[in-house]
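Structural characterization, general
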Amino acid sequence: MNLLEFARGPVIHWALIILVAGTIWRLLGVLILTRGADLSRPRDAFGNFKGYRTVFSRAWPSGEFTVATRYQTIMAYFFHFATLIVVIGITPHIEFITSLTGYSWPALPNAVGVAVGTIALVSLIALIGRRLSMPKIYCSNIGDYVTWVLVATPLITGLLAFAHLGARYETMLAIHILSVAALFVWFPFSKLMHSFWFIFSRAQSGLSYAHKGVRI
Amino acid sequence: MAHNSTLGELLRSQGVSRRAFLKFCTTTASVMALPATLVPVMADALEQVRRPSVIWLSFQECTGCTEALTRSHAPTLENLIFNFISLDYHHALQAASGRAAEAAREEAMRENAGKYLLLVDGSIPTVKAYSTIAGISNLDMLMDSAPNAAAIIAVGTCAAYGGLPMAAPNPTSAVSVSDLIKDKPIINIPGCPPIPLAMTGVLAHYLTLGTLPALDALGRPLAFYGDTIHDRCYRRPFYDRGLFAKTFDDEGARKGWCLYKLGCKGPVAYNACANVKWNQGVSFPIQSGHGCIGCCEPGFWDNGGIYESIARGQFGTGPQMGVAGMVGAGVGAGAALLARSKKERAAAAHRAAE
């Protein structure tokens, strides 16, 4: 069994299983916890709605913080959207998802995929640059750096494989698939779970503040 | 075997002009990526070479490799060369049969010990009874013939890497030539079947220079197996632009778009089909509208469906992911409930302490 067969076969098989099991574990493990009732009188009659609205209203820093946070917010949005477009918009990725779920949709032209992938990589590099240059703002631990490497490696190896740079194509493709598998395995047990948790943590803050009559 | 004429004499007797012979040498040298200065050397060497003894052992094979080699619409120089080498043993092509055939093989091996070329076709079952010739198992015949051979050429994917017989569940415990022979130079010329020019090019190289051509990590001559089909495919611009045929009869297929989504293994298949092509350069599978199946790669039969693209994984993950989800839910819910009960116990202990 060569490296590509190994990567496409047992490695991605187990990585997907760990991803699904780990994500549901971590999600339910937080959601089923109690939050402790706030026994005070609610100051706002429509508290729940305001809580759910917070999920969206926190999508952009509020007025007084906008200037100070504008750069990193824009960079982060570029990174997140570009990565999402690359993951669901490129033909081989759609083929992979089709083989898992049966759904398919039209793909982006390859040149657009390369351009968007490059934007994702550049913004990711800008973000790590900011993190490294401002240690007092970002109290980073090892997990943050490991996460960055595991997210950057699929982007880099994917671009290299498509451009037929670096190792031979089948080796580069195998490395790309292996790096994605590493990301899948790391995902549920790291800060990357924010991709699911952020909805609930924003809603939770919104609910508790709205109960107290604070609008955020 | 009676006549011992040189190749030059044989070609002249067949009416092949010197000009045609030189054209052949030039073409072969260029296909093998040999420098142009070697063309006169090759011409002289081929002219003088006497009939080398070649023994072709057919094991667990379908005879497709022989068919590819010998099928031609018109007599070609490649075929003449093939007729020139003293093919002392070949099941499909030899006139003798039975004991006479085996006697011819043994005599050729004795007379040309150390100098004959062994061409092996088909995989070798390690459970000996599955394939025998004249009562001799394939395994024994190979191990007897190999020590005195000058070199071994494994023709076709079966001989080179095990091929179809070795595909799961490998009922005959088949192996390739290089799994058994470790102390002889082996050239693998894979393909199902291999391109005829790859065979004759390697033979011409060996006859001219007395050495094996440059090989890659899988023992294949780089001249024919150095690039992937994808690198030379004429449909590559459509791949780059993301224009794919989705079925065999849709608009994309009619317009000749890339066949990646229909399972073409071109990006991971190393062969010369896309530039040398088949039937003297008429066409090759992709040009005829069917994706490459990667028939020159080891284990290609077990590498997923022929119509499943490379991007599709090889796993039966659907039900297993469902089970994984449930296991995760169980663990997560269990962890949360445990935390809740700990919290309640701590609260109860706090109340009791007050």
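These numbers come from a predicted model, not from an experiment. (Residues numbered from 1 in each chain as written. Chains lettered and ligands numbered in written order. Predicted model: local features only at pLDDT ≥ 70, side-chain atom pairs only at ≥ 80, totals over all residues.)

**Let's talk about the overall build of chain A**
Note the threshold: Runs of E in the DSSP output that reach at least two residues are strands. Runs of H or I that reach at least four are helices, and both are numbered from the N terminus. Any residue surrounded by 20 or more other C-beta atoms within 10 Å of its C-beta is treated as buried, while 12 or fewer makes it exposed and the intermediate range makes it partly exposed; C-beta atoms here are placed from the backbone. Two residues qualify as being in contact provided that their C-beta atoms, derived from the backbone, are within 7 Å of each other.
The secondary structure content of chain A amounts to eight helices and zero strands. Each helix (α) and strand (β) of chain A, taken in turn from the N terminus, gives the series α-α-α-α-α-α-α-α. Considering only C-alpha atoms, chain A reaches an extent of 65 × 35 × 35 Å along its principal axes. Within chain A, buried positions represent 30% of all 216 residues. For chain A, the share of sequence-separated contacts (at least 6 apart) that also reach a separation of at least 24 residues comes to 77%.

**Remarks on the overall build of chain B**
When its secondary structure is counted, chain B shows 15 helices and nine strands. Judged by the C-alpha coordinates and their principal axes, chain B covers about 115 × 50 × 35 Å. Counting every position in chain B, which comprises 354 residues, the buried fraction comes to 40%. Pairs at least 24 residues apart make up 71% of the contacts formed inside chain B by residues separated by at least 6 positions.

**Things to note about the environment of Ala274 of chain B**
Residue and element names in this part refer to chain B. Looking at where Ala274 falls in the secondary structure, it is placed in the loop between helix H14 (251-254) and helix H15 (317-353). Its 23 C-beta neighbours within 10 Å are what place Ala274 among the buried residues. In this structure, the C-alpha to C-alpha distance between Ala274 and Thr6, residues 268 residues apart in sequence, is 35 Å. Not counting residues within four places of it along the chain, the set of residues in contact with Ala274 comprises Ile229, Arg232, Cys233 and Phe284.

**Focus on the nonpolar core**
Going by this rule: Nonpolar cores are built from buried Ala, Val, Leu, Ile, Met, Phe, Trp, Tyr and Cys residues. These are joined into a set through C-beta atoms within 7 Å. As annotated, the domain borders come from an automatic or database domain assignment.
Residues Val120 and Ala154 of chain B are the most contacted members of the largest nonpolar core, which totals 122 residues. The biggest single contributor to this core is helix H1 (residues 3-31) of chain A, with 13 residues. Each of domain 1 (51-225) and domain 2 (227-313) of chain B contributes no fewer than three residues to this core. When neighbours within four sequence positions are excluded, Ala154 of chain B is seen to be in contact with Val120, Ala159, Ala160, Ser176, Val177, Ser178, Ile186, Asn188 and Ile189 of chain B.

**Considerations on the confidence of the model for chain A**
Quick reminder of the rule: The predictor's confidence in any single residue is recorded as pLDDT, a number from 0 to 100.
For chain A, mean pLDDT is 90; residues scoring 70 or higher make up 97% of the total. Element-level mean pLDDT values for chain A span from 77 in helix H2 (residues 47-57) of chain A up to 96 in helix H6 (residues 142-163) of chain A.

**Thoughts on the pairing of strand E9 (residues 186-189) of chain B**
All names here are of chain B. Note the following rule: At least two bridges found by DSSP between two strands are what make those strands a pair.
Across the two faces of E9 the burial is the same, with Ile186 and Asn188 and Ile187 and Ile189 all buried. By the bridge criterion, four bridges tie strand E7 (residues 149-155) to E9 in an arrangement that is parallel. Of the residues in E9, the one forming a bridge with Val155 is Ile189.

**Quick look at the interface of chain A and chain B**
The condition that has to hold: The classification used treats Ala, Val, Leu, Ile, Met, Phe, Trp, Tyr, Cys and Pro as nonpolar, Asp, Glu, Lys and Arg as charged, and all other residues, Gly among them, as polar.
Listed per partner, the contact involves 32 residues of chain A and 32 residues of chain B. For the side of chain A that touches chain B, the secondary structure elements donating two or more residues are H1, helix H4 (91-101) and helix H7 (169-186) of chain A. The element contributing the most residues to the side of chain A that touches chain B is H1 of chain A, with 18 residues. Considered class by class, the residues forming the side of chain A that touches chain B number 18 nonpolar, nine polar and five charged.

**What about the packing of H6 of chain A against H7 of chain A?**
All names here are of chain A. Note the cut-off: For helices, the fitted axis covers only the stretch in contact; all axes are lines through C-alpha atoms, and the angles between them, taken along N-to-C directions, range from 0 to 180 degrees. Note that the term roughly parallel is reserved for angles under 35 degrees, roughly antiparallel for angles over 145, roughly perpendicular for angles of 65 to 115, and oblique for everything else. Crossings are sorted by hand: turned counterclockwise from the far helix by less than a right angle, the near helix makes the crossing left-handed, and turned clockwise it makes it right-handed.
For the pair H6 and H7, interaxial distance at closest approach is 9 Å and the crossing angle is 155°. In terms of axis orientation, H6 runs roughly antiparallel to H7. Between H6 and H7 the crossing geometry is left-handed. For the pair formed by H6 and H7, the contact residues are Val146, Leu150, Val151, Thr153, Pro154, Thr157, Gly158, Leu160 and Ala161 on the first element and Tyr169, Met172, Leu173, Ile175, His176, Ser179, Val180, Ala182, Leu183 and Trp186 on the second.

**A short note on the sheet that holds E7 of chain B**
Residue and element names in this part refer to chain B. With parallel pairing, the five strands of this open sheet are ordered in space as E2-E1-E3-E7-E9. The two strands at the open ends of the sheet, each matched to only one other strand, are strand E2 (86-89) and E9. On average, each strand axis in the sheet is tilted by 25° relative to the strand beside it, whichever way the strands run. Relative to strand E3 (residues 116-121), strand E1 (residues 53-58) is paired through five bridges, and the arrangement is parallel. Of the residues in E3, the one forming a bridge with Ser58 is Asp121. Where helix H6 (residues 98-111) meets the sheet, its contacts fall on E1, E2 and E3, and the angle it forms with E2 comes to roughly 125°. Relative to the sheet, helix H7 (residues 138-145) contacts E1, E3 and E7, its axis offset from that of E1 by approximately 160°.

**A look at the UniProt feature "transmembrane region" (unreviewed entry) in chain A**
Residues and elements named next belong to chain A. Applied cut-off: UniProt positions are given in the numbering used here, feature names are shortened, and annotations may be inferred rather than shown by experiment.
Residues annotated in UniProt with the feature "transmembrane region" (unreviewed entry) correspond here to residues 12-33, 74-94, 114-133, 145-165 and 171-189. Between the end C-alpha atoms of residues 114-133 the distance is 28 Å, and the span holds 100% helix and 0% strand. Spanning residues 145-165, this segment combines 90% helix with 0% strand, and its end C-alpha atoms are found 26 Å apart.

**A short note on the domain arrangement of chain B**
Residue and element names in this part refer to chain B. On domain assignment, one finds that chain B holds domain 1 (51-225) and domain 2 (227-313). For domain 1 and domain 2, the distance between their C-alpha centroids amounts to 28 Å. Counting residues at the interface gives 15 residues for domain 1, matched by twelve residues for domain 2. Among the secondary structure elements, those contributing two or more residues to the side of domain 1 that touches domain 2 are helix H8 (156-161), helix H10 (196-209) and helix H11 (222-225).

**Some thoughts on unusual backbone geometry**
Among all residues save glycine, negative phi is the norm, and among peptide bonds the norm is trans. All names here are of chain B. Cis geometry is found at the peptide bond from Ala168 to Pro169, where omega equals 0°. Structurally, Pro169 is set in the loop between H8 and strand E8 (174-175). Omega for the peptide link from Cys192 to Pro193 comes to 0°, which places this bond in the cis form. Topologically, Pro193 is positioned in the loop between E9 and H10. Not every positive phi belongs to a glycine, and Ala33 is a case in point at roughly 60°. Look at Ala33 and you get partly exposed, because 14 C-beta atoms sit within 10 Å. The backbone phi angle of Ser173 is positive, close to 50°, even though this residue is not glycine. As for its placement among the helices and strands, Ser173 is situated in the loop between H8 and E8.

**Things to note about the packing of helix H3 (residues 66-89) of chain A against helix H5 (residues 110-133) of chain A**
All names here are of chain A. Direction vectors running N to C along H3 and H5 enclose 145°, while the axes themselves pass 8 Å from each other. Between H3 and H5 the crossing geometry is left-handed. Facing Gln72, Met75, Ala76, Phe78, Phe79, Ala82, Thr83, Ile85, Val86 and Gly89 of H3, the residues of H5 in contact are Gly113, Val116, Gly117, Ile119, Ala120, Ser123, Leu124, Ala126, Leu127 and Arg130. Along the lines of polarity and charge, the residues of the contact of H3 with H5 split into 13 nonpolar, six polar and one charged.

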